[in-house]
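# Topology and contacts: notes
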Amino acid sequence: MTENTSDLRTLWITALTRIEPTITRAHFVTWFQKTLATSVKVLGEERILVVGVPTIFAKDWISGKYAVKVLQAVQEIDPTLSNVEFEVVSRLADVQSSEGIDVSQITSRQEKKVRKVRNENEVDIGNGMKSKMLNYRYTLNNFIVGKDNRLPHAAATAVANMPGGIYNPLYIYGGVGLGKTHLLQAIGNEILKISPEKTVRYVTAEKFVNEVVIGITNRSMAKFKEQYRKGVDILLIDDVQFFGKKTSSQEEFFHTFNELYDANKQIVMTSDRPPSELGNLDDRLVSRFGMGMVTELSLPDFETKLAILQEKCMESGVIIDNEILEFVAGNVNTNIRELVGVLRQIIAESQLENRVPTIRTAAEVFKKLYKAQEIIGYEVERKKIEGRAVTPKDVVDIVASYYRVTSDDLVGEKRDREVMVPRQVCMYLIRHELNQSFERIGEDFGGRNHTTVMNACKKVVNKLKADSKLVKDINAIKKEIGL
Ligand code: ADP
Ligand code: MG
């Protein structure tokens, strides 16, 4: 029987709930994380359950230590299975993938109850289970509105201000990484801000499905139902396309939905597709999804992307030149998660190298992430001044003219403020852009000691962290030099 993916998934979650109490928590989480029963192989009389595991280590460890336990557990559920095999399925290790089972949710233990400090990101959902709650970072305020996402944002705002009103249920759909989870959680955060006494439940459809399965296995469905239907004012449910063919969970959700809806409780759902395209879902459910408001998120235009990048920089407290943000916005045309991902990578790389991000840092990140993609607005080869490579002398001349001092003063002895900063900038650029040694730079600057040069560069690096004017100056100079 256990042939189709959703049955296999259910079977495997059930097996995991049985294995879990028999081994240490640490081992359970380490070795069974992101595993999944993938198929049943039939060899003559034999029916072998194939279990995918994310790494070769997990495969070795599970087949070496837990093969018998696993077999026992699956045979209790399906006695026709005669054996279990493990195979490495590397896509399960992909952090973006939710294919393998997240075993952190499977627990029979009481330890969470005695934990003294509550994790603020969790709420009880009964059964000793916790639900990852709202991420306070997702708000309606920091969701940037452009012409392509105005409607979903307006609907979300309306719902937050009047839950259970005309936009009930609210159904937001759109491709991956376009801000569905952000908006959904923002609604929850806003409602809690306005009415802290309300109970907001955020759950992914996947988690809901797992909980139903666990509830059935542990015979704790009554409690589960109670928790979802009675104790909830607002239900936020993410990625409903996941209900797919999982009939018992669909049925469960259907009842939850109806009960909440009839009691005028707000329901908000997200999905990667419109209700009409949720092929595997019961028609009754689909038509109810469309009763309130259905709205689509799509990839925003350039200006909105830029505004999102600026917002994220502000949130992380970093200053990045607009030119670089424009460069990033112009080059990411997939989704916002990637847009933000590229920005994070740029920030990380520049922190690692202890230098302010440049177009080059950004271009390098692109080169790494999208090997084949053409990068718009940047020539990977270093530009040449009139056909030859840039020399330290060029840098000195351009910095001097930028700050309106003379080149001689820059490399000379003068110690007034007007030349000190330009001199430091100059040393910094020669060091970081032309990779000259500190000694060599010292020689070019009137025979200064290499530690003097080192300190000058350090000073610039430090100042760049807080001084946006300096960032602008340096970027402007670099542009002039062609770096
Ligand atoms: P989805 O759930 O649609 O896959 P997410 O809500 O997880 O996408 O969004 C991915 C990332 O993009 C998050 O970091 C989110 O904050 C950000 N994001 C998406 N849209 C916006 C927006 N309009 N303004 C600000 N940040 C956004
Ligand atoms: Mg999401």
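Now for a quick tour of the structure. Note that the structure is predicted; figures quoted are calculated from it, not measured.

## Notes on the overall build of the chain
Per the secondary structure count, the chain includes 20 helices and 10 strands. Against the globule reference of 23 Å for 483 residues, the chain gives a C-alpha radius of gyration of 29 Å, more extended than a compact globule. By the burial criterion, 49% of the 483 residues in the chain qualify as buried. Of all intrachain contacts in the chain linking residues separated by at least 6 positions in sequence, the fraction that spans at least 24 positions is 71%. As presented, the chain carries roughly 23,600 Å² of accessible surface, and 52% of it is formed by carbon and sulfur atoms. Measuring between centres, the 67 positive side-chain charges of the chain sit 4 Å from its 64 negative side-chain charges.

## Overview of the site of ligand 1
Close to ligand 1 lie 17 residues; Ile-144, Gly-177, Thr-181, His-182 and Arg-337 are nearest. The separation between a nitrogen atom of ligand 1 and a polar side-chain atom of Asn-149 is 3.5 Å. Considered on its own, ligand 1 offers 560 Å² of accessible surface; in the complex 94% of this is hidden by protein. Mapped by element, the contributors of at least two residues to the shell around ligand 1 are helix 6 (180-194), helix 11 (302-316) and helix 13 (336-352). Residue contributions to the shell around ligand 1 peak at three residues, all from helix 6. Partitioned by chemical class, the residues of the shell around ligand 1 number seven nonpolar, seven polar and three charged.

## Some details on the side chain of Lys-312
For Lys-312, the location among the structural elements is in helix 11. The side chain of Lys-312 sits in the buried core without any salt bridge; Glu-315 is the nearest counter-charge, 4.3 Å away. Excluding anything up to four places from it in sequence, Lys-312 contacts His-182, Val-340, Leu-343 and Arg-344.

## Notes on helix 3 (residues 56-77)
The end-to-end C-alpha distance of helix 3 is 27 Å, clearly below the 32 Å that 22 residues give at a rise of 1.5 Å each. The largest bend along helix 3 reaches roughly 80 degrees and is located at Tyr-66. The complete set of buried residues in helix 3 reads Ala-58, Ile-62, Tyr-66, Val-70, Ala-73 and Val-74. Against the buried residues of helix 3 lie helix 1 (5-19), helix 2 (25-32), strand 2 (46-53) and strand 3 (83-88). A distance of 3.1 Å separates the backbone nitrogen of Ala-58 from a side-chain oxygen at the start of helix 3, and that oxygen is part of Thr-55.

## A short note on the pattern of salt bridges
With the rule as written, the count across this model stands at 23 salt bridges. We note a salt bridge from Glu-433 to Lys-478, for which the minimum N-O separation is 3.4 Å. You can see Glu-433 sitting in helix 17 (residues 417-434) and its partner Lys-478 sitting in helix 20 (residues 468-481), a full 45 residues away along the chain. Overall, the relative accessible area of 4% leaves Lys-478 in the buried class.

How each quantity is defined
- Residues numbered from 1 in each chain as written.
- Chains lettered and ligands numbered in written order.
- Predicted model: local features only at pLDDT ≥ 70, side-chain atom pairs only at ≥ 80, totals over all residues.
- Heavy atoms only, no water.
- Helix = DSSP H or I, 4+ residues; strand = E, 2+ residues; numbered from the N terminus.
- Rg over C-alpha atoms; globule rule 2.2 N^0.38 Å.
- Buried < 20%, exposed > 50% of the residue type's maximum accessible area, 1.4 Å probe, protein only.
- Contact = heavy atoms within 4.5 Å.
- Areas by Shrake-Rupley, 256 points an atom, 1.4 Å probe, with all protein chains shown as cover.
- Lys, Arg positive; Asp, Glu negative; His and termini not counted.
- Charge placed at Lys NZ, Arg CZ, Asp CG, Glu CD.
- Near = heavy atom within 4 Å.
- Polar contact = N/O pair within 3.5 Å; in protein donor to acceptor, adjacent residues only side chain to side chain.
- Nonpolar A, V, L, I, M, F, W, Y, C, P; charged D, E, K, R; others polar.
- Salt bridge = Lys/Arg side-chain N within 4 Å of Asp/Glu carboxyl O.
- Expected span 1.5 Å × (residues − 1).
- Bend = angle between axes of the 7 residues up to and from the residue.

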